[in-house]
Amino acid sequence: MSAGQLPRWVDYGLIPFVNLAAAFLVSGLVVVLIGENPLEAVRILIWGSLGYGEGIGFTLFYATNFIFTGLAVAVAFHAGLFNIGGEGQAYIGGLGVTFACLALDHIVPWYVTLPFAIIGSALMGAAWAFIPAWLQATRGSHVVITTIMFNFIASSLMVYLLNSALKKPGSMQPETRTFEAGGRLPFLNDVFPSFGFGYAPVNLSLFVALAACVLIWLLIWRTKLGFEIRSFGANATAAVYAGISPVRTIVITMLISGGLAGMMAINEIMGSQHRLLIDFVAGYGFVGIAVALMGRAHPVGIVLAAILFGMLYQGGAELSFEMPNITRDMIIVIQGLVILFAGALEHMFRPAITALFMPSQAHAAEEA
Amino acid sequence: MFETLILILDSTVRLSTPLLLACLAGLYSERSGVVDIGLEGKMLGAAFGAGAVAYVTANAWLGLLAGIGVSVALGLLHGFASISNRGNQIVSGVAINFLAAGLTALLGQTWFRQGGRTPALPEGGRFRDIVWPYAEQLRDVPVIGPLYSELLSGHNILVYAGFIAVPLTWWVLFRTRFGLRLRAVGENPAAVDTAGISVAWLRYRAVIACGILCGFAGAYLSIAQGAGFGVNMTAGKGFIALAALIFAKWRPASAMFACLLFGFLDAVAIRMQGQEVPGIGEIPVQFFQALPYILTVILLAGFIGKAVPPKAAGIPYLKERS
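Residues numbered from 1 in each chain as written. Chains lettered and ligands numbered in written order. Predicted model: local features only at pLDDT ≥ 70, side-chain atom pairs only at ≥ 80, totals over all residues.

### Things to note about the domain arrangement of chain A
Residue and element names in this part refer to chain A.
Argument step 1. Domain assignment breaks chain A into domain 1 (1-36 + 325-368) and domain 2 (49-303).
Argument step 2. Counting residues at the interface gives eight residues for domain 1 and six residues for domain 2.
Argument step 3. Those elements that place two or more of their residues in the side of domain 1 that touches domain 2 are α1 (8-33) and α14 (329-344).
Argument step 4. No other element matches α14, which puts five residues into the side of domain 1 that touches domain 2.
Argument step 5. Residue composition of the side of domain 1 that touches domain 2, by class: six nonpolar, two polar and no charged. (Domains from an automatic or database assignment. Contact = placed C-beta atoms within 7 Å. Helix = DSSP H or I, 4+ residues; strand = E, 2+ residues; numbered from the N terminus. Nonpolar A, V, L, I, M, F, W, Y, C, P; charged D, E, K, R; others polar.)

### Some details on the interface of chain B and chain A
Argument step 1. Contact residues are listed per partner, giving 36 residues for chain B and 36 residues for chain A.
Argument step 2. Secondary structure elements with two or more residues in the side of chain B that touches chain A: α3 (60-84), α4 (89-112), α11 (237-247) and α13 (285-300) of chain B.
Argument step 3. The greatest single-element share of the side of chain B that touches chain A, amounting to 14 residues, is contributed by α4 of chain B.
Argument step 4. Per-class residue counts for the side of chain B that touches chain A are 21 nonpolar, 13 polar and two charged.

### A word on the confidence of the model for chain B
Argument step 1. Residues of chain B with pLDDT of at least 70 account for 98%, and the chain-wide mean is 89.
Argument step 2. Scored by ipTM, the complex comes to 0.88, with pTM at 0.89. (pLDDT = per-residue confidence, 0-100.)

### Quick notes on the nonpolar core
Argument step 1. Grouped together as the largest cluster of nonpolar side chains are 226 residues, with contacts concentrated most on Leu 71, Phe 309 and Ile 339 of chain A together with Cys 23, Ala 244 and Ala 255 of chain B.
Argument step 2. Shared between two domains, this core holds at least three residues of each, these being domain 1 (1-36 + 325-368) and domain 2 (49-303) of chain A.
Argument step 3. Non-local contacts of Ala 255 of chain B, meaning those with residues more than four positions away in its chain, are made with Leu 20, Cys 23, Leu 24, Leu 27, Ala 244, Leu 245 and Ala 248 of chain B. (Core = buried A, V, L, I, M, F, W, Y, C linked by C-beta atoms within 7 Å. Buried ≥ 20, exposed ≤ 12 C-beta atoms within 10 Å, placed from the backbone.)

### Concerning unusual backbone geometry
All names here are of chain B.
Argument step 1. Phi at Ala 235 takes a positive value of approximately 45°, unusual for a residue other than glycine.
Argument step 2. If you trace the backbone, Ala 235 turns up in the loop between α10 (199-225) and α11.
Argument step 3. Looking at Ala 235, the number of C-beta atoms within 10 Å reads 13, which means it is partly exposed.
Argument step 4. For Lys 249, which is not glycine, the phi torsion reads 55° and is therefore positive.
Argument step 5. Within the element layout of this structure, Lys 249 appears in the loop between α11 and α12 (252-272).
Argument step 6. Since 15 C-beta atoms lie within 10 Å of it, Lys 249 is described here as partly exposed.

Structure, rendered in structure tokens:
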């Protein structure tokens, strides 16, 4: 890795920017391919996501989901692990939120329920990450494969539960009963009416997400455990040689990662839907991969990337109204391109940029 | 009872075929050291390409060719990212799954305006079932009759292609020079490099072989089993194929049995829907749907033998330079 040879702003600013620009350039070409004007599309997208209060509210609502799932992927990245199971962990995390809300919503106000919902979702998400983590740590079975399997198992399990034990009595819909006021987080529009968020479901869990960012930053860069996680991720052999337990590091990292993914359910279930329903995760767990890659696994980067993806989701919905040719599938294409250029092809432009900035080092960077 | 068994086995064969083709596809790629979780995306892309071209040309063979073309193109993208640019193979696979899911729905809507579906295929656009000689006459012969005329006869050509691909893959991998080198490059690429053979070119050929077989798998879904492309019609089959590949410990014959097992579970699940099992009651259909994944996790946990992947799988190869 030639990091450190280049100025920091190039490494953390220019190269990610060039990668992103390439992703959006190709997205623009796709828009041209389906016969629409990409500049007009960008205008509608930005107006739809930032142009008025309700749009901003929706952007922030989606961003809340992506902060949680992005942090989940990022924490695992720091230990050199790829947690691709955020989708399943968030889905199961919904159970934790739901149990807390169903048990407490008619006896206590929401601010008493919230801590239980946070703990419940984090515990359930972490529990769903535990078996893959434990298998990776002790049996060497690859966490990528096992978390994929667990996504599908979670999906089947939830469909089963919502069709049997959790189903509202007398209802045909596979969903729980709607929570009472004690199981609902206040919408930001009711807390800060002057922002004019309108009917956007953005709610107080946005602040839970931001708090999680600060805590994860402290954990990764300011604690002994964080140091162990980063050491293990940078060089597992050296870390083990230095006395860091691989089993402990892998399991704890994955538990934190799964817990964060699970907490996404607070925003969706307690903040917006007010009931547990099928497929409420809707791919947000996978978006976390793109967000973490784009945010370079740093909480600040993740918040920015989460807002950008929030804009894509909200602006994309707006776009599909204005330009019916550009369906919401366009967002999935953009996501794929971001993952491709910011993730898999992240080294593509590096040799050229290195050659530009330090011609003498270009040869060395070739080898990295 | 025997009749039911034959019916279940018959649908097992039909349901296993796409898994088998995708599983063998992954076998080539992963044996060469390129982990491929983009099987799902390649299959989906191929299903769309095949469905679209078969509809426009009313020719199933051109459809198959188009499916293979799309799938190989996605495979080359995976190769470009993970072989040439030494990017993370998992990340690249995830990107391909996203791209395929988004682009097929988007282009499908733009071109055909049926919510992402391709229109129903015209005559000739679909691979028809092939009836073997004397299947009708033998139908009433006990035991052999149903076996021959239901189970063996009456599938489309891609089903037979899938099962012929099993010995063929075994022969290519274990009896040809290419296969020996392909396996070597997945275990110890440095040794292959030292022998003066290009690691990158070998891996590219493996990725292309993977693309071709995924093309067959996708085309099977849209123009053989089905009569047109539907949004997200792979519905996780690429991941089941990946599970089957691990279950089979990266071996061709075992891959066939793993896919047949997973196909059988699927067939039983469809059959059991809403039926009571004596003494147990109704088994939820979700249990059968989750079973392939649960079995694979148990295997990975080391309770049914140990699945050891190719040693260099997932590691980009860096040729040393002075």
